[in-house]
Amino acid sequence: MKQRMKQRMNKFLIIVSMTLWTMPVLKAQDTTPRDTLQLGEAVVKGSRVVCRPDGRVVFPSREMTAAASSGYSLLNMLHLPGVKVDDVGESITAANPLTGTVTVRINDVAATAADMRALLPTEVEKVELIDRPGLRYGEGVGIVINIVTRRATAGHVVGAGATFAPKTDMGKGNAHIRANRGADEWSVGYAGYYMRMDGMTGNERTDYLMADGTHRLVERNTHDVILQQTSHELQTRYSRLGTDGTAMVATLSMAFYHAPRNDKRTDVTYAEGTHDTQTAANSEKTASPLLDLYMKTNFGPNRNQTVVANATGAYTHTDYAYLFASAPSSFGYRTKGRAYRLQSEAIYENRLRPFTLTAGLRHTQKYVCNDYRGDATLLSQMRTSHLYAFTQVQGATGRLRYMAGLGLSREYYRQGDLIYDHVWLRPKLNLALPLSRCLNLNYTLTSAPAASKLQNMSGMVITTNEMEVTEGNPQFIMCRRDEHTLTLSLQKPRLYSHLTALYRHNAHPAMQHIRRTDDNRFAKT
């Protein structure tokens, strides 16, 4: 089959990338509270960007906070190195996908899109960019952005926004209200999205190697593509932030997603001269409530010790329908899915003079049940559990900044009679050395398990077209992934550039397998 799907792939990956950023000149703050940052025994004044062992701190100018309309637009103005901000699409990602995901927090509390929309830029005091995040921020997190704000003693904020693109038939809007009195704050936010796309086309040519050694050429021209989506999200939140750094946050949200149409028509031409017309259509409807509880408290003689606790419970209900039809045959099914997730974590941090000690425990429990009815009938039930304990130290010795951590995780999975239960050792090391005032060298080592994608583990066999089917594999497979990253970065007031080399080793990875079936079709697993 000549869509060049590799049966095997190398276990090693070496990537070298270079990124160049330019930043406009921005005025420094002229007020003492926003221009002064306490870093250990040193006080730095009048600097818009301040480097620290795990990243940098950026103080936005008054002109920027006055011009910004939301948290997204403010971060877009800051031009944070290594971060891509789309204030229209309301997304924040890493410039280099190999870096990992980007997590945004407001006053060290995980922020949602609704929180970023309701954020008043004029309340922002500083933005902390952590490009060497520790284990406490989660798995796969490469960059952490923490927005530190000043809160008014009393008041309220009401806001709304909308975006329309008539030519593409897309529109989205949001509204929020936030009120606070003393240390207490209440907020309610809504966001809606609608999109319809049609007129898209596609062309595909495939060369199939049949069992008798002959080749079968198939050309597919896709047209009449219609994609329609609607989503709604409602969030309400209560928070209490004390002057001593203590915090308590409760968030309740409800999300709805509806895709009534995802249709396409394909004209198929075979090398022997025959023709066929195929149609494929699917629809999906999802509802997902979520409850999140967060608490942070500081204690100790100098308030240098912190305990953070967080618990999240979520439920997702999904209705999905799929239909494939051609002249000789058709295939269709409906799915009703239910998913429950409970996640909790507790983190202890002690900021000692030579270093900072962090230890934590994270646990996730998930249950997924999918009931397939129609031409394919299957009841798939998956239970997964993840338990992760870690500790790390972070500090500096001379000019060398370091972060060393060690974690231990237990991964459990069960589907039917298949059971996977394994314990993994997970070390992490980061070393940063300033070579000059503007030039820095950074090395990171991570070792962690990489799991199969759960959406490919249902055991279902789905017809893609007249020649291909997709088979799920309920066998849970995890492999160890070791990564070594070396970064040389140059930072000046108006310029940021870095050169990164990555070496990745996947031991016994789970790969896609393509086999020829007895009826001369191709099954992808």
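Everything numeric here is computed off the predicted structure, so don't read it as measured data.

Trainee: Whenever I open this one, the overall build of the protein confuses me. Can you help?
Mentor: When helices and strands are counted, the protein shows four helices and 30 strands. Counting across all 525 residues of the protein, residues that qualify as buried make up 41%. Considering only contacts within the protein whose residues lie at least 6 apart along the sequence, 61% involve residues at least 24 apart. As displayed, the protein has an accessible area near 27500 Å², and 57% of this comes from carbon and sulfur atoms.

Trainee: Help me understand a nonpolar patch on the surface, please; the structure alone is not making it clear to me.
Mentor: On the surface, Leu-400, Leu-433, Leu-435, Leu-441, Leu-486, Leu-488 and Leu-499 cluster together into a nonpolar patch covering about 500 Å² of accessible area. Here Leu-499 lies in strand 28 (residues 495-507).

Trainee: Please clarify how the environment of Leu-408 should be interpreted in this entry.
Mentor: For Leu-408, the location among the structural elements is in strand 22 (residues 400-415). Remark: the alpha-carbon pair of Leu-408 and Trp-424, spanning 16 residues in sequence, is separated by 5.8 Å. Here Leu-408 is in contact with Leu-387, Tyr-388, Ala-389, Val-423, Trp-424 and Leu-425, once residues within four sequence places are set aside.

Trainee: Which parts of the structure should I look at to understand the sheet that holds strand 5 (residues 55-58)?
Mentor: Picture the strands of a sheet paired through backbone hydrogen bonds; they go either parallel or antiparallel. Spatially, the six strands line up as an open sheet ordered 4-5-10-11-8-9, and their pairing is mixed. Of all strands in the sheet, those with a lone pairing partner are strand 4 (49-52) and strand 9 (109-110), marking the two edges. Bridge count for strand 5 against strand 10 (residues 124-130) is four bridges, and the pairing is antiparallel. Pairing of Val-57 across the sheet is with Glu-128, part of strand 10. Along the sheet, helix 3 (residues 71-78) makes contact with strand 5, strand 10 and strand 11 (141-149), crossing strand 10 at roughly 65°.

Trainee: Please clarify how the pattern of salt bridges should be interpreted in this entry.
Mentor: Charged atoms that come close allow side chains of opposite charge to pair. The tally for this structure, following the rule as stated, stands at 22 salt bridges. Here Lys-296 and Asp-108 are joined by a salt bridge, their closest N and O atoms 3.9 Å apart. You can see Lys-296 sitting in strand 17 (residues 275-299) and its partner Asp-108 sitting in the loop between strand 8 (101-106) and strand 9, a full 188 residues away along the chain. Both residues of the pair, Lys-296 and Asp-108, count as buried. Among the ionic pairs, Asp-371 bridges to Arg-373, the shortest N-O distance being 3.1 Å.

Trainee: I'm lost on the packing of aromatic side chains in this one. Help?
Mentor: In this description, an aromatic ring pair is defined by two values, namely the gap between the centres and the angle between the planes. Taken as a whole and assessed by the stated rule, the structure comprises 11 aromatic pairs. A centroid spacing of 6.1 Å and a plane angle of 40° characterise the contact between Tyr-320 and Tyr-333, whose relative ring orientation is tilted. Note that Tyr-320 is positioned in strand 18 (residues 305-325) and Tyr-333 in strand 19 (residues 330-351), a separation of 13 residues in sequence. Judged by relative accessible area, Tyr-320 falls into the partly exposed class, the value being 22%. With a centroid separation of 5.7 Å and 40° between ring planes, the pair formed by Tyr-322 and Tyr-333 is classed as tilted. Note that Tyr-322 is positioned in strand 18 and Tyr-333 in strand 19, a separation of 11 residues in sequence. Just as Tyr-322 is buried, Tyr-333 falls in that class too. Among the aromatic residues, those joined into a ring-pair cluster are Tyr-320, Tyr-322, Phe-331, Tyr-333 and Tyr-372. The positively charged end of Arg-426 is found above the aromatic ring belonging to Tyr-388, 4.3 Å away from the centroid.

Trainee: Would you take a moment to explain the environment of Gly-199 for this structure?
Mentor: Relative to the assigned elements, Gly-199 resides in strand 14 (residues 184-209). You can call Gly-199 exposed: its relative accessible area is 59%. Taking the C-alpha atoms as reference, Gly-199 lies 6.9 Å from His-223; in sequence the two are 24 residues apart.

Trainee: Any chance you could explain unusual backbone geometry here in plain terms?
Mentor: Glycine aside, residues mostly have negative phi, and peptide bonds are mostly found in the trans state. Of note, Asn-107 is a non-glycine position whose phi angle comes to about 55°, a positive value. Here Asn-107 is to be found in the loop between strand 8 and strand 9. With a phi close to 55°, Asp-224 is a non-glycine residue in the positive phi region. You can see Asp-224 is positioned in strand 15 (residues 215-241). Overall, the relative accessible area of 48% leaves Asp-224 in the partly exposed class.

Trainee: I tried to follow the confidence of the model for the protein on my own but got confused; where do I start?
Mentor: Detailed conclusions should not be drawn from predicted coordinates in areas where pLDDT is low. In this model, the protein carries an average pLDDT of 82, and 89% of its residues clear a pLDDT of 70 or more. Across residues 21-47, where pLDDT falls below 50, the model places 65 contacts with residues more than four positions away in sequence or in other chains.

About the cut-offs
Residues numbered from 1 in each chain as written. Predicted model: local features only at pLDDT ≥ 70, side-chain atom pairs only at ≥ 80, totals over all residues. Heavy atoms only, no water. Helix = DSSP H or I, 4+ residues; strand = E, 2+ residues; numbered from the N terminus. Buried < 20%, exposed > 50% of the residue type's maximum accessible area, 1.4 Å probe, protein only. Contact = heavy atoms within 4.5 Å. Areas by Shrake-Rupley, 256 points an atom, 1.4 Å probe, with all protein chains shown as cover. Patch = residues over 30% accessible without salt bridge, like charges linked within 9 Å, V, L, I, M, F, W, Y side chains within 5 Å. Salt bridge = Lys/Arg side-chain N within 4 Å of Asp/Glu carboxyl O. Pairing = 2+ DSSP bridges. Axes fitted to C-alpha atoms, helices over the stretch in contact; angles between N-to-C directions. Phe/Tyr/Trp six-rings, centres within 6.5 Å; stacked < 30°, edge-to-face > 60°. Lys NZ or Arg CZ within 6 Å of the ring centre and 35° of its normal. pLDDT = per-residue confidence, 0-100.

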